[in-house]
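Below are the chains, spelled out letter by letter.
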Amino acid sequence: MKNNFPETPEYRELKTVMKKIRNLTIQGATSVAIFGVRAFAQHAETVPLKGQELREHLEAVVEHLSNVRVTEPALRNGLRYVMTCIQLDGKENAMAHGKKYIDLINDAKLKIFKIGAERIQDGSRVFTHCHSSITVGIFLEAAKQGKDFEVINTETRPLFQGRKTARRLLENKIRVTHVVDSAMRWAMNVFNPHMIFLGADAITVEGVALNKIGSRLCALASEEEHIPLYICTSLLKFDQATSIGRLSEIEMRNPFEVWQEDFPQGIKVLNPAFETIDRKNISAYITEAGLIPPQSVHITFQRLYGKKIQDYPHF
Ligand code: RUB
């Protein structure tokens, strides 16, 4: 979706952030939500519009921002949160309201790091896929606690986010073995990890997780190899639209990420960014509310955030 926002200062940050989210300079659901909400709140506070005109304009911006990466409900929940606050309190404090949502994310992250690190023991081998700031945060916390463990990770084609994970672990002196995506079952069989930690982009009302393409293969291999799989995520990624019957959308990215040079005419290349992980393959979600089974995600989201964040207030 193209934006035709003007080149005036109050649009500058918003446009820069949208571009960085689109091209993955800002990557991972948590960062997308933090940067997106911050830019939106700053834009709302500074744009010189009022009343009905302001509301319609901000709704259009929410729509644009939400569509830059469609599988990111933590961003949508944050935009809705700020919009509701603006409706109640005016736009003058939009940035403060944006900060409150970002604080919710950051508080959740710290809790998840601690809870997740409890699962890791000396001698643990943990398998992961892609780059999730939450999963990496758990590993760093476990290392900070002096635990001696190792991680097996995938490179994550086509954009190699797994290299980011491997580098971060290495910088923090955590042992890491890096394999190509198609070796994930082989690596599980050979290294026999004690557990698999994956991040999430979205969680549905059924307790299904959506994460980087390859995650479902990872889950299927975990079933074959009898390895427990945990989804490490804040409940702020709960996709409220799934409660009213909508399906979580899966982002389809540019085929040129898969095949850049000598791209032959006539070939159809598809590049889905995410896929679902069936709840039967999820041992538990590691969340700010503790370890919870997939069936309890919806109710726990409602308990923690339901009053504050309503994606569909008029439904
Ligand atoms: C990243 C990805 C991550 C989740 C969770 O995909 O799938 O596992 O976003 O990340 P992409 P976090 O690189 O396409 O954004 O734990 O940081 O929220």
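Refer to the structure presented above.
Below, the structure is looked at part by part. All residue numbers refer to positions counted from 1 along the written sequence of the respective chain. With the structure being a predicted model, the display of local features is reserved for residues of pLDDT at least 70 and the display and counting of side-chain atom pairs for 80 or more, all residues being used for whole-chain, interface and lining totals. Calculated side-chain values reflect all of the structure's heavy atoms, with hydrogen atoms and water omitted.

## Points about the site of the ligand
- Near the ligand, the surroundings consist of 19 residues, among which Thr30, Arg69, Ser132, Ser133 and Asn211 are the closest.
- The side chain of Thr30 places a nitrogen or oxygen atom 2.5 Å from an oxygen atom of the ligand.
- For the ligand, an oxygen atom lies 2.6 Å from a polar atom in the side chain of Ser133.
- Surface exposure here means Shrake-Rupley accessible area, sampled with a 1.4 Å probe, where a residue is shielded only by the protein chains that are shown. Protein burial of the ligand: of its 460 Å² of free accessible surface, 100% is covered by the chains.
- When contributions to the shell around the ligand are tallied by element, the ones reaching two or more residues are α2 (29-46), α6 (133-144) and β6 (209-212). We call a residue near a molecule or strand when any one of its heavy atoms sits within 4 Å of it. Residues adjacent in sequence count toward polar contacts only when both atoms are side-chain atoms; beyond that, a polar contact is any pair of N or O atoms within 3.5 Å, and within protein one must be able to donate a hydrogen and the other to accept it. Elements are defined by DSSP. Helices are runs of H or I of four residues or more, strands are runs of E of two residues or more, and each kind is numbered from the N terminus.

## Describing the layout of surface pockets
- Cavity: a set of points on a 1 Å grid over the protein atoms alone where a 1.4 Å probe fits but cannot get out. Pocket: an open set with protein on both sides within 12 Å along at least five of seven lines, its lining residues, like those of a cavity, having an atom within 4 Å of a point. Grid points are joined across faces, edges and corners, and a volume is the space filled by probe spheres set on the points. Approximately 160 Å³ is the volume attributed to the second largest pocket.
- Taken together, Leu49, Lys50, Gly51, Leu54, Arg55, Leu58, Met83, Ile86, Gln87, Lys91 and Glu92 form the lining of the second largest pocket.
- Of all the elements in the fold, those that place two or more residues in the lining of the second largest pocket are α3 (51-68) and α4 (73-89).
- Among the residues forming the lining of the second largest pocket, the class breakdown is five nonpolar, two polar and four charged. Under the grouping applied here, Gly and all other residues not named as nonpolar or charged are polar, the nonpolar ones being Ala, Val, Leu, Ile, Met, Phe, Trp, Tyr, Cys and Pro and the charged ones Asp, Glu, Lys and Arg.

## Observations concerning the sheet that holds β6
- What the three strands build is an open sheet, ordered β5-β6-β8; its pairing is antiparallel. Where the open sheet ends on each side, the last strands, each with one partner, are β5 (202-203) and β8 (274-277). When DSSP finds two or more bridges between two strands, those strands count as paired.

## Here's the deal with the environment of Gly207
- Tracing the chain through its elements places Gly207 in the loop between β5 and β6.
- Burial classes: relative accessible area under 20% of the type maximum marks a residue as buried, over 50% as exposed, and values in between as partly exposed (1.4 Å probe, protein chains only). With relative accessibility at 0%, the residue Gly207 sits in the buried group.
- In the structure, Gly207 is positioned 72 residues away from Arg279 in sequence and 5.8 Å away in space, judged by C-alpha atoms.
- Contacts of Gly207, omitting those with residues within four sequence positions, involve Arg279, Ile282, Tyr285 and Pro294. Contact definition: two residues touch when any of their heavy atoms are within 4.5 Å.

## Observations regarding empty space enclosed by the protein
- Across all of its chains, the model carries three cavities of 30 Å³ or more by this definition.
- One number sums up the size of the largest cavity: a volume of about 190 Å³.
- Surrounding the largest cavity, 20 residues form its lining, Gln27, Gly28, Ala29, His131 and Asp201 being those nearest its centre.
- Its residues assigned to classes, the lining of the largest cavity comprises five nonpolar, ten polar and five charged.
- The split into domains, and so the bounds of each, comes from an automatic or database assignment of domains. Split by domain, the lining of the largest cavity shows at least three residues from each of two domains, domain 1 (9-106) and domain 2 (110-305).

## Concerning the environment of Ala29
- Relative to the assigned elements, Ala29 resides in helix α2.
- Ala29 sits 43 residues away from Glu72 along the chain, and the two C-alpha atoms are 6.1 Å apart.
- Among residues more than four places away in sequence, those in contact with Ala29 are Glu72, Ala200, Asp201 and Lys237.

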